[in-house]
Amino acid sequence: MTEHVEWSEPEATAAPVNAPVTPADAADAARLVSFGLQPKLQPARDQEYADLLRRYREDPPFARLADAVAAGLGLIVLEVSPRAGMAVTAAEDSVFAVRMGDYARRASADSGDRFLHGLAHLAVAAMAFPRPEDLADDGYIGRVSVNGVDAFVRQACRRLEERAEETGENTDPATDAPGLEAAWRIWARRSSTGATKDARRLAGSTTGIIAKAVAFLTDSGFLQRTGDESGGTFRTTARYQLQVRDLAGSAALTELLELGIVPVTDGTATLLPAEDTDDLELAAGAGLPFHS
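Keep in mind that what you see is a predicted model, and the values were worked out from it rather than measured. (Residues numbered from 1 in each chain as written. Predicted model: local features only at pLDDT ≥ 70, side-chain atom pairs only at ≥ 80, totals over all residues. Heavy atoms only, no water.)

**Quick look at the confidence of the model for the chain**
Next, step 1: Chain-level pLDDT for the chain is 75 on average; 65% of the residues reach the 70-or-more range.
Next, step 2: Taken element by element, the predicted model of the chain shows its lowest mean pLDDT in helix H4 (residues 100-107) (56) and its highest in helix H2 (residues 47-58) (96).
Next, step 3: In the model, residues 1-15 has pLDDT below 50 throughout and makes 0 contacts with residues more than four positions away in sequence or in other chains.
Next, step 4: Overall, residues 263-292 carries pLDDT values under 50, and its contacts beyond four positions in sequence, including any with other chains, amount to 67 contacts. (pLDDT = per-residue confidence, 0-100. Helix = DSSP H or I, 4+ residues; strand = E, 2+ residues; numbered from the N terminus. Contact = heavy atoms within 4.5 Å.)

**Considerations on the packing of helix H1 (residues 23-36) against H2**
Next, step 1: Orientation of H1 relative to H2, taken along the N-to-C sense of each, is 115 degrees, at an axis distance of 10 Å. One way to sum up the angle between H1 and H2 is to call them roughly perpendicular. Crossing of H1 over H2 shows left-handed handedness. Of the residues in H2, those in contact with Asp-25, Asp-28, Arg-31, Leu-32, Phe-35 and Gly-36 of H1 are Glu-48, Tyr-49, Leu-52, Leu-53, Arg-55 and Tyr-56. (Axes fitted to C-alpha atoms, helices over the stretch in contact; angles between N-to-C directions. Parallel < 35°, antiparallel > 145°, perpendicular 65-115°, else oblique. Left-handed = near helix turned anticlockwise from the far one by under 90°.)

**Section: the pairing of strand S1 (residues 75-81)**
Next, step 1: Relative to strand S2 (residues 85-90), S1 is paired through 6 bridges, and the arrangement is antiparallel. Within S2, the position partnered with Ile-76 by the bridge is Thr-89.
Next, step 2: Counting the residues in the hairpin turn of S1 and S2 gives 3 residues. (Pairing = 2+ DSSP bridges.)

**Considerations on the layout of surface pockets**
Next, step 1: Volume-wise, the second largest pocket comes out at about 390 Å³.
Next, step 2: If you go around the second largest pocket, you meet 22 residues; those closest to its centre are Gln-42, Arg-83, Gln-224, Thr-237 and Ala-238.
Next, step 3: Of all the elements in the fold, those that place two or more residues in the lining of the second largest pocket are strand S4 (223-227), strand S5 (233-236) and helix H10 (238-247).
Next, step 4: Top contributing element to the lining of the second largest pocket by residue count: H10, with 3 residues.
Next, step 5: Across the lining of the second largest pocket, the residue classes break down as 10 nonpolar, 7 polar and 5 charged. (1 Å grid on protein atoms, 1.4 Å probe; cavity = no way out; pocket = protein on both sides within 12 Å on 5 of 7 lines; lining within 4 Å. Points joined across faces, edges and corners; volume = space filled by probe spheres on them. Nonpolar A, V, L, I, M, F, W, Y, C, P; charged D, E, K, R; others polar.)

Dropping the structure here:
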């Protein structure tokens, strides 16, 4: 005769309300933050990372401890979820902060290029998420190409130039003037691909600068490369969406979007055709790889 045994899940033991923080808890919290600093690491592919994320969501004291570790390192926690992992961004005074001036100096010896590198990053963000709804939709995936971003910025340059002429503004300000009004003049004067016989992309050309920007974003886990057409095509990640949400209130991004160069109706972003493109230096294959 076989005795029937009923199996049931063991009852969860409630943790004491004022349980002291142990060194093991602190180590686990720091470990979770370290995972967050590895942007290419996906929780679905690392069991320890997934377990710590689950603990963060289910154990409020542990979540507060992990947040405190991040804050102590000068990091801002944007989101903790299975899709994004522990997504963090560095505060201005953090040792992990990457300043645009430092980034531009590593990319080029020309100090004036800091405008171009900053504008390239701004344009990628605007092209990737042209609508507030895109930033709000966790399932939205933005798609950009190097040549498409260059075409976008050059049309922005044209629009800004027209606006400056209409208002009678100085058409040749100092290169250290703030805002897009100075940056577009530098961009418009720069060659799209360079002057080599084989039209090879030079690092100092505008497509070369954009390529540097998207490579940095890819290495940072913000973009994923999807192909080589149009100078390189990329799709956004959840982490990049969170970063652009954080940037969305910036005056420069708002100004760029308000130029109306990336109209969106049914979810497909396109470039508005320019009235006269003879002087825009559009790179070959500048079409955008947005899917319908």
